[in-house]
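Close look at the chain arrangement
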Amino acid sequence: MYQFFKITMLILLLVSSKVFAVAFDSCPSKAYLFQGKPVSVYGINLVTGTNSLLQDDTGLSSNINGVGFNETDRYIYGFDTTNYNVVRLGQNFQATTLNVNGLPSDKTFYVGDVYDHHYYVYRSGTGLYKIDLSPLDSNVNSTLTAQLITSTASVSLTDFAFHPSNSRLYGVDNGSGGLYEFDINTGAATYIGDTGELGTFGAMYFDVDGYLYLSRNQDGQIYRVNLSTQAIIDSGVVPAIKFADGPYSNQNDGARCANAPLIDTDEPATIDFGDAPDINYGTTLASNGARHEMDGVTWLGTLVDGDYYAAQSPDSDDSITSDDEDGVGFVTAIEPGLDSVITVNASTTGYLSAWFDWNDDGDFSDDGEQVITDKTLVAGSNNLVISVPFGATVGETWSRFRFSQQTGLAYYGGSTSGEVEDHVVTIVDANTSQRHFPSADGYVTIAYEDNWPETADYDMNDMVLRYRITETLKDGDVAKVSISGQLVAVGASYHSGFAVRLAGIDATNIDSDKTRLYYNSALQDGNAQESGMTEASFIVINDAIEVSSYNCYFFRTLDDCREDVGVEFELNFSLITPVTTGSMPAMPYDPFLYATPGFYHGPSFAQAPGRSYEVHLADQAPTEKFDTNFYQLAEDTSDPNTSRYFKTSNNMPWALLIYDEWKWPRERVDLAVAYPQFADYTTSGGGTHTDWYDITNAIANKYY
C-alpha cells in the first residue's frame, strides 16, 4: 500500500499543472503585466506605478500575450505567442496549455481580453475571435472552439480591454493614437476620439469606475482616459492624461479584474495623498491628484501616514490622525518680488519639486508656479530659496511639495516613493515696486573686444551679451536685484569670463543664502559672489568658450557655427539692508570682461594674467583686483588722474553698450568696416553719427 501511494504521488507530480491550477481568491485590485520571453509577470499598482516581480517562471519558455482576467472563474487567459496556443494561469502564474480549435495555426495573437466567460483575441488583418470558456468548468481538458466574429480587423492594436459595465471593447490605434470602441457581436470598430498620445500601448486595463488605463511599452508611462465625460467624447478628443510611471519593455501585455477598485481597502494604507482642496487643486485619485507609495525610506519631516483616499482641507487626515505635514518650514515672509527662505527636512537623499499658486486661481499650472524642479536634497535639514513673483496675489494660497526617488514629477499623478505635502501659505503685502534697465522686457547689447590693450582685429564680437537688470524696491529702497540675459556670441580664441560689479555697495551687505545663479533655468553650484572684494562683485560666466562651444568655436560669428544662444543666465541676490536708490550705482552697474585664470591672453602679458585682467566700458574704472601695471600698454591710453579708462588715442573703446539688440560684425571684420560711421562717432567723442549702430547703417554681409 505504501509503495502504491508513492507511485500515485509521483504520477500526480508529473501530471500537467493544469489539473491543480488554483484560481485567484478574489477579484484583485492589482494589475498584472506580462513582459518578455520567457515571460515574467509583474504586479502593478496603477495608483502609483509601483511594481514587483511576481513570477519569472510560468513553466513555459515562451512569451505570453493577449492576457485577460476572467471574473467568472478567476483565472487569467492568454496566448502563447511562440507555440500558438491558448493558456490559462492561476494565482501561482503557472501556465496550463488549453485545447482550442478554430484559430489560425500559423498566426499569433498579441491582443486579448476576457468578458462574460469568453476569451476574445484580435489580430489586425486576421480578425476578431471569441472562445467560450464554460467547458473548462467541468473539465480542464475540454476542447474549446474559437468562433470568428469578423475577418475585418483594420485597426492596429497591441491590446484592448473590456469596459466593466457596457460589454464593449476599447483599444488605441498605435499609429494614430485614436481610441476605438469594438462591438463584440459584429466586430465593428467605431472611432471615439484622439487620445493625444502615440506609441505601442501593449497593456490596457479598466477599473470599476470605467477609467481606461494605457501602459506604453517604450517608456512604461501609464495614462488614464476618462470615458464618462460625454462632452469630451462628442468633441472627438479623449485625452490620455499621464497617471503614473510603470516598467517598460518591448513586449508588454496586461490583465486586471475590471470590477475591482484601484485601491484595496482590505490591505494597510500605503499611499500618501495631498491635502489641498480637490475642487481647486486636483487632490483626489479621481482628479489624478499627487500621491506617493510609502517606501519606508523617503519622506519629509518625521511623519508620513497612508491614506486610502485623499482627505482634503479643511477635513484632511491631519485633523483626524497625526499631522504629517511637518517637513517644510517657512523661515522668512513670502513677499511679492522678493526672495523667501524655506527649510525642508528630508529623511534621505532624494529629489524635491514644489509649486505655489501665486495668482490664487486654484491651480499650479501657470507659468512660474513650479518654483523647485528635481532639487537634490540630503538627509536632514536643507535651506532653499524661492523667488516670489512681483505680481503674486497678496493673501492665503496653497503650495505643494513632492519628495521622491523619481524625477520629472508633475503637480499631479502617481509616484513610486516619497511623500507629498500641501501647505497653506500667506503672501504678505510688502509695499514693493520694481524698476528695470533698459525695460521690463527689453535688453541692451554689451559687446567686448578681448585683445585689450591691443585693438588687433577689432571685430567687437569676442563676447556679446544681451543684458537686463530688475531692481525690487521695498518701502522705496532696493532690496533685491535680478540680472538676466543671454550669451549670444563668442568670437574669441582667448578664454574670458563675464562679471558685474556694484560700485559702492559693501560686499558684506549681500545675503549669501539668497544669492543664486541659473543657466538655462538650472541652478548652478556655488556662490556667484566674488570673494576677497570690498565692493559687491559677481561672476556670471567664468569661461565663455566653455559654456558656448558645444559643437564649434567662434560661436555665432562664423557661418559654420550658427548654434542657438549659448546660455541664458539669471543672477539673483538680495541686500541684507536695503539700499536707497540714490546710493545704488547707476544701471547698468559695471559689467566687465576678465581673463579666465590659467589661460594665455595675448602677447602683452608675460604670463596668464587671470583675474587681474579686466575690460570695462569706456571711462569705467576697473575693480580692486585689476593690475594697474597694465595701464597704457600697447594702444591703451587709460589715465586714472583724468578718469579716462579703456580707450585708444582716438577714443575707440574695447567695450560697447548699445540700447538695442545689436547685430555684431562677423569674425575678423573690423567694426569700422561693418559700421563705417563708427570711426567718426568715436573721433568726435560721440558728437556725430550717434545712430552708427543702427542696422540701416551697416554694410551687408559684414555683420552676423
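We now turn to the structure provided with this report. (Residues numbered from 1 in each chain as written. Predicted model: local features only at pLDDT ≥ 70, side-chain atom pairs only at ≥ 80, totals over all residues. Heavy atoms only, no water.)

**Looking at the overall build of the protein**
Under the convention used in this document: Runs of E in the DSSP output that reach at least two residues are strands. Runs of H or I that reach at least four are helices, and both are numbered from the N terminus. Burial status follows relative accessibility: with a 1.4 Å probe on protein chains alone, a residue under 20% of its type maximum counts as buried, one over 50% as exposed, and anything between as partly exposed. Should any heavy atoms of two residues lie within 4.5 Å, those residues are counted as being in contact. Accessible surface area values rest on a Shrake-Rupley calculation with a 1.4 Å probe, where residue burial reflects the displayed protein chains alone. Positive charges come from Lys and Arg alone, negative charges from Asp and Glu alone, with His and the N- and C-terminal ends not counted. Charge placement uses NZ in Lys and CZ in Arg. For Asp and Glu, CG and CD serve respectively.
Along the backbone of the protein there are 6 helices and 43 strands. The principal-axis extents of the C-alpha atoms in the protein amount to approximately 120 × 60 × 60 Å. Per-residue burial for the protein yields a buried fraction of 54% across its 704 residues. Of the contacts made within the protein by residues no fewer than 6 positions apart, 64% connect residues no fewer than 24 positions apart. Here the protein displays about 28,700 Å² of accessible surface, and carbon together with sulfur accounts for 47% of that area. The centroid of the 36 positive side-chain charges in the protein is displaced by 6 Å from the centroid of its 94 negative side-chain charges.

**What about the sheet that holds strand 18 (residues 211-216)?**
Paired through backbone hydrogen bonds, the strands of a sheet run either parallel or antiparallel to each other. Short version of the rule: Strand pairing follows a simple DSSP-based rule, namely that at least 2 bridges must link the two strands. Inter-axis angles, ranging from 0 to 180 degrees, are taken between N-to-C directions of lines fitted to C-alpha atoms, where helices are fitted over the stretch in contact.
Strand order across the open sheet formed by 4 strands is 17-18-19-20, with antiparallel pairing between neighbours. Every interior strand has two partners, whereas the edge strands, strand 17 (201-206) and strand 20 (240-245), have only one. Taking each pair of neighbouring strands and ignoring which way they run, the sheet shows an average axis angle of 30 degrees. Here strand 19 (residues 221-226) pairs with strand 20 via 5 bridges, running antiparallel. Across the sheet, residue Val-225 finds its bridge partner in strand 20, namely Ala-240.

**Some words on the nonpolar core**
Nonpolar side chains in soluble globular proteins generally cluster together in the buried interior. Defined as follows: Nonpolar cores are built from buried Ala, Val, Leu, Ile, Met, Phe, Trp, Tyr and Cys residues. Side-chain atoms within 4.5 Å join them into one set.
Formed by 55 residues in total, the largest nonpolar core has its most connected members in Tyr-467, Ile-483, Phe-498 and Ile-541. Among the elements that line this core, the one with the most residues is strand 40 (residues 567-580), at 6 residues. By size, the runner-up hydrophobic cluster in this structure holds 20 residues, among which are Ile-342, Phe-356, Leu-377 and Val-388.

**Brief notes about the pairing of strand 2 (residues 40-44)**
The buried fraction of strand 2 amounts to 4 of the 5 residues, a majority that puts the element mostly inside the structure. Direction of pairing for strand 1 (residues 31-35) relative to strand 2: antiparallel, over a ladder of 5 bridges. Within the sheet, the bridge partner assigned to Gln-35 lies in strand 2 and is Ser-40. Here strand 1 folds back onto strand 2 in antiparallel fashion, the turn holding 4 residues, of which Gly-36 has a positive phi close to 80 degrees. From the end of strand 2 to the start of strand 3 (residues 51-55), which pair antiparallel, there are 6 residues, and Gly-49 there has a positive phi angle of about 90 degrees.

**Digging into the sheet that holds strand 29 (residues 395-404)**
In spatial order, the strands read 27-26-29-31; together these 4 strands make up an open sheet with antiparallel pairing. Looking at which strands have only one partner, the edges of the open sheet turn out to be strand 27 (370-377) and strand 31 (419-427). The average undirected angle you get between the axes of adjacent strands in this sheet is 20 degrees.

**Topic: the state of the cysteines**
Spelled out, the test is: We call a pair of cysteine sulfur atoms a disulfide whenever their separation is within 2.5 Å.
Counted by the stated rule, this structure contains 1 disulfide. Across the disulfide from Cys-27 sits Cys-257; the S-S distance is 1.5 Å. Torsion about the S-S bond of the Cys-27 and Cys-257 cystine: about -95 degrees, corresponding to left-handed handedness. A residue pair is termed long-range when its members are at least 10 positions apart, and Cys-27 in the loop between helix 1 (2-14) and strand 1 and Cys-257 in the loop between strand 21 (252-255) and strand 22 (271-273) qualify at 230 residues. Judged by its relative accessible area of 32%, Cys-27 falls in the partly exposed class.

**Some details on the environment of Tyr-281**
Structurally, Tyr-281 is set in helix 3 (residues 278-281). In this view, Tyr-281 contacts Ala-276, Asp-357, Asp-360, Gly-362, Asp-363, Phe-364, Thr-397, Trp-398 and Arg-400; residues no more than four positions away in its chain are not counted.

**So, the side chain of Ser-399**
Mapping Ser-399 onto the fold places it in strand 29. Discounting residues that sit within four places of it in the chain, Ser-399 has contacts with Phe-330, Trp-355, Phe-356, Phe-364, Glu-421, Asp-422, His-423 and Val-425.

**What about the packing of aromatic side chains?**
Counted only if it meets this: Only rings of Phe, Tyr and Trp enter the pairing, Trp through its six-membered ring, and a pair is recorded when the two centres are within 6.5 Å. The plane angle decides the type: under 30 degrees is stacked, over 60 is edge-to-face, the rest tilted. The criterion for a charge sitting over a ring is simple: Lys NZ or Arg CZ within 6 Å of the ring centre, and within 35 degrees of the ring normal.
Evaluated as defined, the whole model comprises 50 aromatic pairs. Look at Trp-662 and Tyr-675: their rings are 5.5 Å apart centre to centre, the planes differ by 35 degrees, and that puts the pair in the tilted class. In this pair, Trp-662 sits in the loop between strand 43 (655-658) and helix 5 (671-674) while Tyr-675 sits in the loop between helix 5 and helix 6 (677-683), placing the two residues 13 residues apart along the sequence. No difference in accessibility class separates Trp-662 from Tyr-675, as the two residues are buried. The lysine or arginine in question, Arg-224, covers the ring of Tyr-211, its NZ or CZ lying 4.1 Å from the ring centre. The ring of Tyr-443 has Arg-468 sitting right over it, with the charged end atom 4.0 Å from the ring centre.

**A closer look at the pattern of salt bridges**
Short version of the rule: Here, a salt bridge means any side-chain nitrogen of Lys or Arg that lies within 4 Å of a carboxyl oxygen of Asp or Glu.
Counted by the stated rule, this structure contains 16 salt bridges. Among the ionic pairs, Asp-245 bridges to Lys-242, the shortest N-O distance being 3.3 Å. Accessibility expressed as a relative area gives 23% for Lys-242, which makes it partly exposed. Members of the salt-bridge network, linked through shared partners, are Glu-530, Arg-611, Glu-614 and Lys-625.

**Here's the deal with unusual backbone geometry**
Leave glycine aside and you will find that most residues have negative phi; peptide bonds, for their part, are mostly trans. Of note, the bond from Phe-437 into Pro-438 is cis; its omega dihedral lies within 30 degrees of zero at -5 degrees. When you line up the elements, Pro-438 lands in the loop between strand 32 (432-437) and strand 33 (444-448). Cis geometry marks the peptide bond from Trp-452 to Pro-453, where omega comes out at 10 degrees. Along the chain, Pro-453 falls in the loop between strand 33 and strand 34 (463-474). If you check the backbone angles, Met-460 has positive phi at about 50 degrees while not being a glycine. By secondary structure assignment, the location of Met-460 is in the loop between strand 33 and strand 34. Judged by its relative accessible area of 0%, Met-460 falls in the buried class. Positive phi outside glycine occurs at Gln-632, with the angle close to 65 degrees. Along the chain, the position of Gln-632 falls in the loop between strand 42 (614-615) and strand 43.

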